[in-house]
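Each chain, written out:
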Amino acid sequence: MRQEKQLLLDEVGWQIKKSGSFVIMRYLGLTANKANDFRGSIAKQGGAVEVVRKRLLIKAAQTAGIDLDLNTLEGHIGLVFAGKDPLETAKTVFKFSEENDKAVKVIGGRFEGQLYNAADMEMLSKLPSKDEMRAQLLSVLEAPMSHTLSVMDAVLASVVYCLDNKAKKES
C-alpha cells in the first residue's frame, strides 16, 4: 500500500477508535456551500465529517474491530464522527437531510459499540435528548411533591378559616 493511503487509513482508523460512535452517510447532490454548512453544524457539536473511499472505510473499520459489508455501501460515502452526544449528532444529520432535499442519506451507524441500520439510526435520532429526559424525570419527581405541598397548604388554610369564622361568630 502506498504511503499516502496508509496515512489516510491510519487517520480514519484512529478517528473511528477515538470517536466510537459515527453515522455512515451517502451524499448525492451536495453542493460545496451545503457541505460547508453541514460540516459547520456537526463541528458545533464537537463532531467531524470525513469523506472516504469504501474500501478504505472497510479496512479502517476492520482495524478498529468493526465488520462492515461492502454491498451495503452504495454511492459516495462519508462518515460523521459523533461529538459530545452521539444522538444529537444523528439528529443533526437527519435534520440536515430533511432541510436539503435528501442530499444526505443515512445508511447506518455505530452507537455505544453496536452497529445499526438506517431505520434504527432514525429511530434513535427521534429519542429525546439527555436534557429533555432529565427534565421529564424531574417533572415526574416534582409532581408528587407539589401536590403534597398544596394539600398541606390547604389544611393550614382551612385551620385559619375555621379560626376566623369562630372569631366572627363570637363577635
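Located above this text is the structure these notes cover.
(A) Region of the structure containing empty space enclosed by the protein. For the coordinates displayed, the defined rule picks out 1 cavity of 30 Å³ or more. If you add up the space inside the largest cavity, you get close to 50 Å³. It is helix H4 (residues 86-99) that provides the largest number of residues to the lining of the largest cavity, a total of 3 residues. By residue class, the composition of the lining of the largest cavity is 9 nonpolar, 1 polar and 1 charged.

(B) Summary view of the packing of helix H2 (residues 32-43) against H4. Running from amino to carboxyl end, H2 crosses H4 at an angle of 160 degrees, the nearest separation of the two axes being 10 Å. When the axis of H2 is compared with that of H4, the two are roughly antiparallel. Regarding H2 and H4, the two cross each other, and that crossing is right-handed. Touching Lys34, Phe38, Ser41 and Ile42 of H2 are Thr89, Thr92, Val93 and Phe96, all from H4. Taken together, the residues of the contact of H2 with H4 break down into 4 nonpolar, 3 polar and 1 charged.

Conventions we followed
- Residues numbered from 1 in each chain as written.
- Predicted model: local features only at pLDDT ≥ 70, side-chain atom pairs only at ≥ 80, totals over all residues.
- Heavy atoms only, no water.
- 1 Å grid on protein atoms, 1.4 Å probe; cavity = no way out; pocket = protein on both sides within 12 Å on 5 of 7 lines; lining within 4 Å.
- Points joined across faces, edges and corners; volume = space filled by probe spheres on them.
- Helix = DSSP H or I, 4+ residues; strand = E, 2+ residues; numbered from the N terminus.
- Nonpolar A, V, L, I, M, F, W, Y, C, P; charged D, E, K, R; others polar.
- Axes fitted to C-alpha atoms, helices over the stretch in contact; angles between N-to-C directions.
- Parallel < 35°, antiparallel > 145°, perpendicular 65-115°, else oblique.
- Left-handed = near helix turned anticlockwise from the far one by under 90°.
- Contact = heavy atoms within 4.5 Å.

That is the geometry; function is a separate question.
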